[in-house]
Amino acid sequence: MAEPDPEPIPSGAGQRLGAPETLGISTLDPGHRPPAMPPGRHVTIRVRMLDDTEELFDVSQKASGKVLFDLVCSHMNLIEGDYFGLEFQNHQKMIVWLDHIKALVKQLRRPKHTILRFAVKFFPPDHTQLLEEQTRYLFALQIKQDISFGRLTCNDTSAALMVSHIVQSEIGDFEESQCRSHLLNNNYIPEQMPLIDKIMEFHSKHNGQSPAESDYQLLEVARRLEMYGVRLHPAKDREGTKLSLAVAHTGVLVFQGHTRINAFNWSKVRKLSFKRKRFLIKLRPDLNSSYQDTLEFLMASRDCCKVFWKICVEYHAFFRLFEEPKPKPKPVLFTRGSSFRFSGRTQKQVIDYVRESEFKKIPFERKHSRVQHNSRLSPLPSPRHHQVPTESAAPRVDSPPVRHWQESALVSAEDPSLRTVRVSPSHQTNGHDDRTASVRAEEAQGPARQNHPEHLNTVGPYSPRLSAACARPHAMVNGQKSLELCSHSPDGQQPSPLTSPLLNDACSVRTDDEDEVRRKRFPTDRAYFIAKELLTTERTYVKDLEVVTVSFQNAVGQDEATPESLKSAVFSTFEPLHRFHTGFLREVEQRLALWEGRSNAHIKGDYQRIGDVMLKNFQSLKPLTTSLHKQSEVLLELEKACRSSRRLEGLCRDFELQKVCYIPLNVFILRPLHRLLHYKQILERLCKHYQATHVDFRDCRAALAEVSEVVEQLQGSLVKMENFQKLLELKKDLIGIDNLLVPGREFIRLGCLSKLSGKGLQQRMFFLFNDVILYTSRGMTPTNQFKVHGQLPLHGMTIRESEEEWGVPHAFTLVGQQQSVVVAASSLTEMERWMDDIRVAVETATTSNGPSSDILSCSLTNNKCPEDSTAEAESEDDAAAAPSSPERPAPQRGNTMVHVCWHRNTSVSMVDFSVAVENQLSGNLLRKFKNSNGWQKLWVVFTNFSLFFYKSHQDDYPLASLPLLGYSVTMPSESENIHKDYVFKLHFKSHVYYFRSESEYTFERWMEVIRSATVPTRSVRVPNNKDSNPH
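Reading the values: rules and limits
- Residues numbered from 1 in each chain as written.
- Predicted model: local features only at pLDDT ≥ 70, side-chain atom pairs only at ≥ 80, totals over all residues.
- Heavy atoms only, no water.
- Helix = DSSP H or I, 4+ residues; strand = E, 2+ residues; numbered from the N terminus.
- Contact = heavy atoms within 4.5 Å.
- Areas by Shrake-Rupley, 256 points an atom, 1.4 Å probe, with all protein chains shown as cover.
- Pairing = 2+ DSSP bridges.
- Salt bridge = Lys/Arg side-chain N within 4 Å of Asp/Glu carboxyl O.
- Buried < 20%, exposed > 50% of the residue type's maximum accessible area, 1.4 Å probe, protein only.
- Expected span 1.5 Å × (residues − 1).
- Polar contact = N/O pair within 3.5 Å; in protein donor to acceptor, adjacent residues only side chain to side chain.

### Points about the overall build of the protein
On a plain count of helices and strands, the protein comes out with 26 helices and 36 strands. Long-range pairs, those at least 24 residues apart, make up 68% of the contacts in the protein between residues at least 6 apart in sequence. Accessible surface for the protein amounts to roughly 42,100 Å². Of this, 49% is attributable to carbon and sulfur atoms.

Pasting the structure below:
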């Protein structure tokens, strides 16, 4: 048999991150059937699962390995099956992986007598990259096996900690006699008896931890161990020293015993090959290295070399390439070398596929767990993907150890919205499929009426037209109960900032032709619709004031932990404003009621004006200017009180999780300042619309002068207050930094970038300030916070494009005085935004000592400046680390703009935030889904880059929210058959919504404000103490 020529690492066959995207076909890809079963004699193959059950599969002998593997994944309803494989012992008594391309008959000599083991094949460096709860559960089972068989070696403390998490997932909360009895009857690690007391001590600290959380914590401990995911292959060096070779996501590893003595990163390896018994590693030339050009290891046989070489090729392709390598063309005359190649999706394709796709929630069984839990697949695209996993309400049904699975179990994916999967007996109750019962209501409505887990947040207790199976569990979403369709989060915490059931047509009365008749009875003058915008936004503003004057006072103000100074500041500032605007709203409602009277709607009269009402009230507003100046005092008092009282801090945090507090509390406090800008814009539009001779023009112009005077007085403090408010908001989202609020620091941009490290490209959240750049990561911790890994001072920093240098699209390098960081943006536009902002910030930081912020200087004098602390290089092992404290951390808001940017892989600047507060809008819209028949009427509020949906303007809290970052707003095309006026379309990937307004003016306004959120500005602004305008 000819020996294969040295085979290069297939770097040219695949493409790096950013290359054109191609479909990776998988078992459960919507729209694609698994490979068809070829004709021929069928054989029954036995597969042992990770939970030690055995399954039988009928396949054709001529079928490829991928057909069998797809049957196994389809049987388990496994979405992220690409991390796994089937291993077996071949005729040479070697453990090998089943080849997906070769026919089974060429790999299994005696298929009836061969047991294949389903196991983890590719171990990612960070378990947060596993986006499905079921995948993490299977990884946890693999870790359980590895520590039981002695493959995953560690010290006694780590072993006891891992076993304690396993026990927590199997028997639940600690009870001494039960735990001791369970440990005596079950052996999880070699030499377990001496460690029982330590295991029980750890177990007692896990109370309240769900099985899904236990899986996460188990993987968190395991991934830090040196032998995590390592499979040793015996070898010798040239001197005959016994060694072992292994492969990981980083490259080829060399062990002596269980101690790693060397590692060859993929970036340093030029070629891997083998010749007879010799395994060869050819390195790239390096003048600073003492290694030879080619390293040689002697293995037991040629077959041992080939087995290890194959797994190296697969590991390199899975973790380093962007897409599956293309097959080599078949030679005409003869072959030379091995034709083996990696077959399947790469890790990048798997992550993108799961994030961008929508899946039904399918229960799965935890075989060894006695806990009454509800496990289901969680289709986590971003948000839910990065939280502690969730569970659903599926009753546990004991299953026999061996079940028979026919090829008819394959998924029929011609219509992904209507497909059904025949489940095994373990997933059926009384002959019925639990999974299809729970989603039948959504399937009947078509794909556009299904749950859109990445986009629409339900924050209300009503979700109509639910089946009985769907309505069982309840979850806390932003602090309130809602009927759950998507997932159930531990501790009643919302599972994701972007996850929730979609409002359906039963939410309100359908309106179509009758609405057309109703609209014709109303005035058509543009001034009327401008005045109506004043009315609708004033209704929302008064509701926002009530959040502070009523809800906050009831929840926090009555507590003894609240200092009198804070109560006095809130009451004296907001109570007069609330009284004034309640009266103003009443007058506006009365005027609009006269303006749109049915009997005389088209008769001109003195009541068809609004300027006189605004002028009279704005003249009365002047004495309240003192209250408007006190907004900064309220913000400062609240921050100081929270810093001095943990109880008050907890009360405020709990209040922010309530349903009425749909945006951060600090934003409500600044609402009166923002409202003045809205009045100014409305009056400017009225003055532009009216002719100078119009009866309302003079009053509107006088009212504009009044409000402009107040705005000019408050403009300087507004800029500083917005920056201070943003820093306070970011402080809640970040952990690992205590000096975020320092004098002179100003926020510029936040967003998602990929950081290049030894482990490849890692998703990180970057925060740009006028003096420093912070980079963070988000683990699946219950706090919903981002952990700071490093900071780069801007003073002396340089920045350069480095796409060609690293071969990564949209890459640029930040060169600091103490360290350099290579990052990649998601697009060319994103890269330009970041580079422009960083360059301006660096220039400002170099030429000045930083702006002076009166607010920060007077309030937070104990913090150190960032220059006092050295920049820390990121420890990749600390990424997404769980808190060491045994206390359960309190949850934070999970729907802030930081989380939205993380899941949408985009960025937002301070300029964008300033524009957003000026572009707030409220009003009734008709909404329609892509495949629904009728339109439904909703009260919609646009603020904080999101749409919030209510049944009516009288509701105290929204039913759902839709973050708009990443969405596009357009007009529907002719092919979409939307034969209505004033309709705009919101779409993001496969998510499509149609909204219909009542007039040309309201249509233009909604398009304008939504575009302000979906199309971020390119302007760069580094604020300083001389700024007088928000832009």
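### Section: the pairing of strand β12 (residues 278–283)
Sheet topology note: the strand β11 (residues 269–275)/β12 ladder contains 6 bridges and is antiparallel. Bridge pairing in β12 links Lys-275 to Arg-278. Linking two consecutive strands that pair antiparallel, namely β11 and β12, is a turn of 2 residues; a positive phi of about 55° is found at Arg-276 within it. Two strands pair when backbone bridges link them, and β12 and strand β13 (residues 294–298) are joined in this way by 5 bridges, in the antiparallel orientation. In the strand pairing of β13, Ile-281 is matched with Leu-295.

### A look at the pattern of salt bridges
Following the criterion strictly, the structure yields 42 salt bridges and no others. In this structure, Lys-121 and Glu-314 form a salt bridge, with 3.0 Å as the shortest nitrogen-oxygen distance. With Lys-121 in the loop between β6 (115–120) and α2 (133–149) and Glu-314 in helix α7 (residues 302–320), this residue pair connects regions lying 193 residues apart in the sequence. When sorted by exposure, Lys-121 lands in the same class as Glu-314, which is buried. Taken together, the shared-partner salt bridges connect Arg-591, Arg-609, Asp-612, Asp-696 and Asp-699 into one network.

### A look at helix α12 (residues 526–557)
In this model, α12 (32 residues) spans 44 Å end to end at C-alpha, consistent with the 46 Å of a helix rising 1.5 Å per residue. The element α12 is largely enclosed, with a buried count of 25 among its 32 residues.

### Considering the side chain of Gln-192
Its place among the elements puts Gln-192 in the loop between α4 (176–185) and α5 (196–203). Classification of Gln-192 as buried rests on a relative accessible area of 3%. Of the polar contacts made by the side chain of Gln-192, one reaches the backbone oxygen of Asn-186; its length is 2.9 Å. Here Ile-189 takes part through its backbone nitrogen, which lies 3.5 Å from a polar atom of the side chain of Gln-192. Residue contacts for Gln-192: discarding those within four places in its chain leaves Leu-183, Asn-186, Asn-187 and Ile-199.

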